[in-house]
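# Reading the structure
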Amino acid sequence: MTYGIRVKNNSGQLLISDETTTFYYYGPAEVTDATNSYDYGGVSVYIFRTYTDKPIIPFLRPRDSNLCAITRIYRGYANLWEIEVAVGGIDSYPPEVLIFTTDRKSTRLNSSHT
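Let us look at the structure shown here.

### Regarding the overall build of the chain
Within the chain, the secondary structure is distributed over zero helices and nine strands. If you list the helices and strands of the chain from N to C, you get β-β-β-β-β-β-β-β-β. Residues classed as buried in the chain amount to 27% of the 114 residues present. Residue pairs at least 24 apart in sequence account for 63% of intrachain contacts in the chain once pairs closer than 6 positions are excluded. Accessible surface, the chain: about 7900 Å² in total, of which carbon and sulfur atoms supply 51%.

Structure representation (structure tokens):
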């Protein structure tokens with residue numbers, strides 16, 4: 001029996017497979033900034049940060065029914081990663097951003113996350 005996953009885009013290009021590097025749960029990113037805009041019905045933009053020298057894959061866990069999307073991922077200095085997330089609605093809650101990285105030993109656990 002074979003285990004694994006293969007994810008392809010609409011063009012048939014392989015994006016993720018069991019032959020690629022394994023990513024491990026690293027922990028939640030921390031909210032560092034928030035801005036609100038009343039233009040176009042209102043959007044909240046949140047900046048999350050995490051620190052690791054390894055590549056990351058962020059996943060969103062919404063906390064309410066408002067739509068949310070990652071709009072930018074930026075790798076800065078000193079192992080800083082910034083993830084920009086746009087959320088529909090001025091009064092919306094920021095989603096939780098869960099970080100996965102390639103180094104199992106670098107796992108950063110947060111006591112408030114289960």
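### Notes on the nonpolar core
Residues Tyr26, Ala29, Tyr46, Phe48, Ile56, Trp81, Ile83, Val85, Val87, Val97 and Ile99 constitute the largest nonpolar core, which totals 11 residues. When contributions to this core are tallied by element, the ones reaching two or more residues are strand S5 (43-51), strand S8 (80-88) and strand S9 (96-101). Looking at this core, the element that brings in the most residues is S8, giving four residues.

### Overview of the environment of Val7
With respect to the secondary-structure elements, Val7 resides in strand S1 (residues 7-8). Setting aside chain neighbours within four positions, we find Val7 in contact with Gln13, Leu14, Leu15 and Ile16.

### Some points on a nonpolar patch on the surface
Residues Ile5, Leu15 and Ile16 make up a contiguous nonpolar surface patch of about 270 Å² in total accessible area. Structurally, Ile16 is set in strand S2 (residues 14-16).

### Notes on the sheet that holds strand S6 (residues 56-61)
Read across the sheet, three strands follow the order S3-S9-S6 without closing on themselves; strand pairing throughout is antiparallel. Each having just a single partner strand, strand S3 (24-28) and S6 make up the two edges of the open sheet. Direction aside, the axes of adjacent strands within the sheet are offset by 30° on average.

### Description of the pairing of S9
Most of S9 is tucked away: five of the six residues are buried. Strand direction decides the pairing type here: S3 and S9, joined by four bridges, are antiparallel. The residue bridging Tyr25 from the neighbouring strand is Phe100, located in S9. In terms of strand pairing, S6 meets S9 through six bridges, oriented antiparallel. By the bridge assignment, Leu60 is partnered in S9 with Val97.

Parameters at a glance
In every chain, residue numbers begin from 1 and rise along the written sequence. Only residues with pLDDT of at least 70 are given local features in this predicted model, and only at 80 or more are side-chain atom pairs given and counted; all residues enter the totals for whole chains, interfaces and linings. In computing side-chain properties, one takes all heavy atoms of the structure into account and sets aside hydrogens as well as water. Numbering of helices and strands runs from the N terminus, with a helix taken as a DSSP run of H or I at least four residues long and a strand as a DSSP run of E at least two residues long. Residue exposure (1.4 Å probe, protein chains only): buried if accessible area is under 20% of the type maximum, exposed if over 50%, otherwise partly exposed. Contacts are assigned to residue pairs that have any heavy atoms within 4.5 Å of one another. Computed with the Shrake-Rupley method and a 1.4 Å probe, the accessible areas treat only the protein chains shown as cover for residues. Here the nonpolar core consists of buried residues drawn from Ala, Val, Leu, Ile, Met, Phe, Trp, Tyr and Cys, with membership extended through side-chain atoms lying within 4.5 Å. Grouping into patches uses exposed residues only, defined as over 30% relative accessible area, and leaves out salt-bridged ones; the cut-off is 9 Å for like charges and 5 Å for nonpolar side chains (Val, Leu, Ile, Met, Phe, Trp, Tyr). Salt-bridge detection follows one rule: a side-chain nitrogen of Lys or Arg within 4 Å of a carboxyl oxygen of Asp or Glu. Should DSSP find at least two bridges between two strands, the strands are taken to pair. To get an axis, a line is fitted to the C-alpha atoms, and for a helix only the part in contact is used. The angle between two axes follows their N-to-C directions and goes from 0 to 180 degrees.

Interpretation in functional terms is not warranted from these geometric data alone.
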